[in-house]
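# Topology and contacts: notes
Given next are the chains, with one letter for each unit.
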Amino acid sequence: MTSLLFGQSYYLKFDPKLWEAMQPYPPLGTLYAASFLRAHDYEVALFDAMLAESEQEWAEALAREQPRYAILYEDNFNYLSKMCLLRMREAAFTMIAMARRQGCTVVVAGSDATDHAEQYLAQGADYVLLGEGELTLLELLDGLEGRAPFDPAGIQGLAYRDSREQAVRTARRPDIRDLDALPFPAWDLVDVPRYRQIWRERHGIFSMNMVTTRGCPYHCNWCAKPIWGQRYNVRSPENVVAEMKWLKETHGPDHIWFADDIMGLKPGWLERFADLVEAEQARVPFKCLSRVDLLLRGNAVESLQRAGCQIVWVGAESGSQKILNAMEKGTRVEQIGEARRRLREAGIQVGFFLQFGYPGETRADIKKTLQMVRDCRPDNIGMSVSYPLPGTPFYERVQLQLGEKQNWTDSADLAMMYRGPFSTAFYRQLHTVLHKEFRARQAWDGLTAALRRPHTLRPRHLRQAAGLLYRLLTLPAARWRLDRLAKTGHEGLQPLPAGLTLDEAARPTPQQE
């Protein structure tokens, strides 16, 4: 009988936008936890919800594995898990109930469970791991299994219900600092051939995921950090390259996604990493996330190029310095353009994460962001709207404005859950306008480049031309609708407290001004 069945509740099938994109990655955080417990003599199995059709497959896994413990351990490296989507929370509650009916002790870990431990306990979870979970899980299981004295009140980083059925949270557990001491993720538990087939059929390559760090030390005041807070720990370049080489030799990926919040923050890390990748012949093309100010430091871009980086995603957020300052982003608009220039010169693509709807943003600020995209010509973009999650200064500022809905249903929701500058409908239409503009510009650039070299023309260029024409014809109407929606109000939000204006409710703190 399997002692531990690990699972997670992020189902790609339940997120229509990401299901259509079909770029699945196994739950890396879950794989780390499974390998860690296995290294401490626990028998483990994995239920991978990423490619599952529904929670029924979890029930089948429970029946097949007959585990003593059902552990819903969310992938804390997956930004979609960190968004705490309602559909995935509902799936987790369903999975908890299924595991309880099977007679399992149920343990839950993840961003949403850390923020809302009491809800998960009320749904039947026996224990919730708060923050980083491996050490807490090991201490909990050792106590439950009689390997060590058991007193839940003495286990750091744990939520549970006491003898009076009251929810209890213990003190935060310090994070693991020596990440090199952790075993590599338990890739043997994953159906790697299935992932390889999906990737190659849809994209012509096979991509796998890794991380080099845990956490982020920066203070963007909208960024939720329930797992690691402001702490930042990093693996050595030697340890990372050893894993890269192992993945390359064992599974043969064509590409790697480094899912860190920030890759290469530690001075000298990227240079040493690039040296080792070359020396060990471990080079695999990859994408990663960084900050524009870090890309301007030393020879960061050159090191990324040597190591095999294909694209860097950066949190550009806004083309308005006023908004960047209000977010406490710590970057300048001109750094965005300079980082883009250096990456282009090194042959590295760039993706811009853009965020609209922050308190105080005006149409003029939005126009600055749209112009920044036109000027910088990033290779890809992702748009979001400001999303208040518990534990952030932003959430504290707008909490009085929140309505009943306080989480997005899925990643394409884009609902404004506080009284932002404009309505939900406005920002959804802004998404349409932004992407029509961006895709039209991309098609134009691609077609003009091909026309300069007629021998490179292919049937796909005809499709690009048709898409360009369609977007150019529909863009004026899309902009007109955006202008109309700028005049509509908000729906489904809390009325403001008596005597409090919207400007007062969303006024920046002195530190943000």
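Residues numbered from 1 in each chain as written. Predicted model: local features only at pLDDT ≥ 70, side-chain atom pairs only at ≥ 80, totals over all residues. Heavy atoms only, no water.

### Section: the sheet that holds strand 15 (residues 380–385)
This is how the line gets drawn: Only strands that DSSP links by at least two bridges are regarded as paired with each other. Secondary structure elements follow DSSP: runs of H or I no shorter than four residues count as helices, runs of E no shorter than two count as strands, and numbering proceeds from the N terminus. Angles shown run from 0 to 180 degrees and are taken between the N-to-C directions of axes, each axis being a line fitted to C-alpha atoms and, for helices, limited to the stretch in contact. In what follows, a contact means two residues having at least one pair of non-hydrogen atoms within 4.5 Å.
Pairing is parallel across the open sheet formed by 6 strands, whose spatial order is 8-11-12-13-14-15. Two strands lie at the open edges of the sheet, namely strand 8 (207–210) and strand 15, each paired on one side alone. For this sheet the average axis-to-axis angle between neighbouring strands, irrespective of direction, equals 20°. As paired strands, strand 12 (residues 286–290) and strand 13 (residues 309–317) are joined by 5 bridges and run parallel to one another. Across the sheet, the residue bridging to F286 is C309, located in strand 13. Most of the contacts of helix 13 (residues 300–307) go to strand 13, to which it runs at about 140°, and overall it touches strand 12 and strand 13.

### Some points on the packing of aromatic side chains
For clarity, the threshold we go by: What counts as a ring pair is set by centres within 6.5 Å for rings of Phe, Tyr and Trp (its six-membered ring), and what kind of pair is set by the plane angle: stacked under 30 degrees, edge-to-face over 60, tilted for all other angles. Charge over a ring is defined by NZ of Lys or CZ of Arg lying within 6 Å of the ring centre and within 35 degrees of the ring normal.
Tallied over the full model, the rule gives 20 aromatic pairs. Taken together, Y11, F14, F47 and W58 form an aromatic cluster joined through their ring pairs. Here the guanidinium or amino end of R147 rests over the ring plane of Y42, the centre of that ring lying 3.7 Å away.

### Brief notes about helix 10 (residues 237–250)
Because each turn of an α-helix spans 3.6 residues, side chains separated by three or four positions in sequence point in the same direction. Using the following cut-off: Take the number of residues in a helix, subtract one, and multiply by 1.5 Å to get its expected span. The rule is simple: take the accessible area with a 1.4 Å probe, protein chains only, and divide by the maximum for that residue type; under 20% is buried, over 50% is exposed, in between is partly exposed.
For helix 10, spanning 14 residues, the distance from its first C-alpha to its last is 20 Å, which sits close to the expected 20 Å at 1.5 Å a residue. Within helix 10, the full set of buried residues consists of P237, N239, V240, V241, E243, M244 and L247. At its buried positions, helix 10 is contacted by helix 2 (28–39), strand 8, strand 11 (255–258) and helix 11 (269–279). A positive phi of about 60° marks G252, the residue just after helix 10.

### Here's the deal with the nonpolar core
As a reminder of what qualifies: In these notes, a set of buried Ala, Val, Leu, Ile, Met, Phe, Trp, Tyr and Cys residues joined through side-chain atoms within 4.5 Å is what counts as a nonpolar core.
Residues F6, L37, W58, F258, F273, F286 and F352 are the most contacted members of the largest nonpolar core, which totals 160 residues. Ranked by the residues each element gives to this core, the list is headed by helix 5 (residues 86–101), at 8 residues. If we ignore the near neighbours within four places in the chain, the residues touching W58 are L5, F6, G7, Y11, F47, A70, L72, M95, M98 and A99. Counting 5 residues, the second largest nonpolar core, distinct from the first, contains C216, I262, L265 and L294.

### Some details on the side chain of R397
This is how the line gets drawn: Note on charges: Lys and Arg go in the positive column, Asp and Glu in the negative column, and His and the chain ends are not counted at all. Whenever Lys or Arg places a side-chain nitrogen within 4 Å of a carboxyl oxygen from Asp or Glu, that contact is recorded as a salt bridge. By the criterion applied in these results, polar contacts are pairs of N or O atoms within 3.5 Å in which, for protein atoms, one can donate a hydrogen and the other can accept it, and in which residues neighboring in sequence qualify only through two side-chain atoms.
Along the chain, the position of R397 falls in helix 17 (residues 393–398). Here R397 occupies a buried position and makes no salt bridge, while the nearest side chain of opposite charge, E328, is found at 7.1 Å. Side-chain polar atoms of R397 contact the side chain of Y358, separated by 3.0 Å.

### Some details on the pattern of salt bridges
All chains considered together, the criterion is met by 39 salt bridges. Between K329 and E317 there is a salt bridge, and its shortest N-O distance comes to 3.4 Å. Of this pair, K329 sits in the loop between helix 14 (321–326) and helix 15 (333–345) while E317 sits in strand 13, and the two are 12 residues apart along the sequence. K329 sits in the buried class, given a relative accessible area of 8%. For K322, the salt bridge identified is with D365, shortest N-O distance 2.8 Å. Of this pair, K322 sits in helix 14 while D365 sits in helix 16 (residues 363–376), and the two are 43 residues apart along the sequence. Residue K322 is classed as partly exposed on the basis of its relative accessible area of 44%. Among the charged side chains, a salt-bridge network with shared partners connects D275, E278, E302 and R306.

Shape is all these values report; function is a separate question.
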